[in-house]
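Residue-level structural notes
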Amino acid sequence: MVKERVLLDEAAINRALIRIAHEILEKNKGTEDLVLIGIKTRGIYLAQRLRERIKKIEGQELPIGELDITLYRDDLSEKSDQPLIQGSKIDFSIGLKKVVLVDDVLYTGRTVRAALDALIDIGRPQLIQLAVLIDRGHRELPIRPDYVGKNIPTSKQEMIAVQLKEVDQKEQVIIQQKTTL
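Residues numbered from 1 in each chain as written. Predicted model: local features only at pLDDT ≥ 70, side-chain atom pairs only at ≥ 80, totals over all residues. Heavy atoms only, no water.

What follows concerns the sheet that holds strand β5 (residues 127–135). The 5 strands are arranged β3-β2-β4-β5-β6 in an open sheet whose pairing can be described as parallel. Since the sheet does not close on itself, it has two edges, and those belong to β3 (64–67) and β6 (147–151), each with one partner. Recorded for the sheet is a direction-independent mean angle of 25° between the axes of neighbouring strands. Judged from the 5 bridges that link them, strand β2 (residues 34–39) and strand β4 (residues 98–106) form a sheet pairing that is parallel. The residue bridging Leu34 from the neighbouring strand is Lys98, located in β4. The strands that helix α1 (residues 10–28) touches are β2, β4, β5 and β6; relative to β6, the one it contacts most, it runs at about 150°. (Pairing = 2+ DSSP bridges. Helix = DSSP H or I, 4+ residues; strand = E, 2+ residues; numbered from the N terminus. Axes fitted to C-alpha atoms, helices over the stretch in contact; angles between N-to-C directions. Contact = heavy atoms within 4.5 Å.)

Written out as structure tokens, the structure reads:
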């Protein structure tokens, strides 16, 4: 049996993204040389939402890209014999840019490590920052986010699911825990 509860509803997700957008602008002193790159799948939609909020605040539309890290994963053989490769879509140079990498949940850090490898293969940014909606802890690598929507300490038996309208037709963050009878 799986027990689940809602941690963030639609309004809370929106507030977190507005705060992250402000923090990105403050830390980078505006939008100059700033680009957003979302990690497939949900990171892309979060990056698009951050771009919209930044445009409302600054009046500037940032370049946005999509990063597919499938071939860079260190657990690729464990995931599937035939991984689904969708490809990255970054139609601009990231060379000497300030890249904000966007993902939904930060857990062990392995996804982010794979994303860093993929980005470096594309170009050499001035710097790379990390924005995540949820940081659940349990890092296996020395990776720390620059921007966090919400820190949610979890056990390894729990699972965090970010559900976005674009993918899941729902807008919430839930925590799931397997329970025994």
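So, next bit.
Let's shift gears to the nonpolar core. In this structure, Ile24, Leu50, Val100, Leu133, Ile134 and Val173 are the most contacted members of the largest nonpolar core, which totals 29 residues. It is α1 that provides the largest number of residues to this core, a total of 8 residues. Apart from residues no more than four positions distant in its own chain, Leu50 is found in contact with Leu17, Ile20, Ala21, Ile24, Leu36 and Val102. (Core = buried A, V, L, I, M, F, W, Y, C linked by side-chain atoms within 4.5 Å. Buried < 20%, exposed > 50% of the residue type's maximum accessible area, 1.4 Å probe, protein only.)

This brings us to the sheet that holds strand β7 (residues 158–163). Taken in spatial order, the 3 strands line up as β1-β8-β7 in an open sheet, and their pairing is antiparallel. Taken across any chain shown, the strands that pair with only one partner, and hence form the sheet edges, are β1 (2–8) and β7. The mean angle between the axes of side-by-side strands here comes to 25°, regardless of whether they run parallel or antiparallel. Bridge analysis of β1 against strand β8 (residues 172–178) gives 6 bridges, and the strand direction is antiparallel.

Structurally, Asp103 can be placed in strand β4. A relative accessible area of 6% means that Asp103 is categorised as buried. Every residue in contact with Asp103, bar those within four places of it in the chain, is listed here: Ile39, Gly43, Leu46, Thr111, Ala131, Val132 and Leu133.

Moving on: unusual backbone geometry. Cis geometry marks the peptide bond from Lys40 to Thr41, where omega comes out at 10°. By secondary structure assignment, the location of Thr41 is in the loop between β2 and α2 (42–58). At His138, a residue that is not glycine, the phi angle is positive and equals roughly 70°. Mapped onto the elements of the fold, His138 is located in the loop between β5 and β6.

What follows concerns the packing of aromatic side chains. Under the definition given, this model contains 0 aromatic pairs. The ring of Tyr147 is capped by Lys27, whose NZ or CZ atom sits 5.6 Å from the centre of that ring. Across from the ring centre of Tyr107, 3.9 Å away, lies the NZ or CZ of Arg136, which sits over that ring. (Phe/Tyr/Trp six-rings, centres within 6.5 Å; stacked < 30°, edge-to-face > 60°. Lys NZ or Arg CZ within 6 Å of the ring centre and 35° of its normal.)

What follows covers the packing of α1 against α2. One way to put it is that α1 packs onto α2 with a least axis distance of 9 Å and a crossing angle of 60°. Every pair of crossing elements has a handedness; the one defined by α1 and α2 is right-handed. Seen from α1, the contacting residues are Ile13, Asn14, Leu17, Ile18, Ile20, Ala21, His22, Ile24 and Leu25; seen from α2, they are Leu46, Arg49, Leu50, Arg53, Ile54, Ile57 and Glu58. (Left-handed = near helix turned anticlockwise from the far one by under 90°.)

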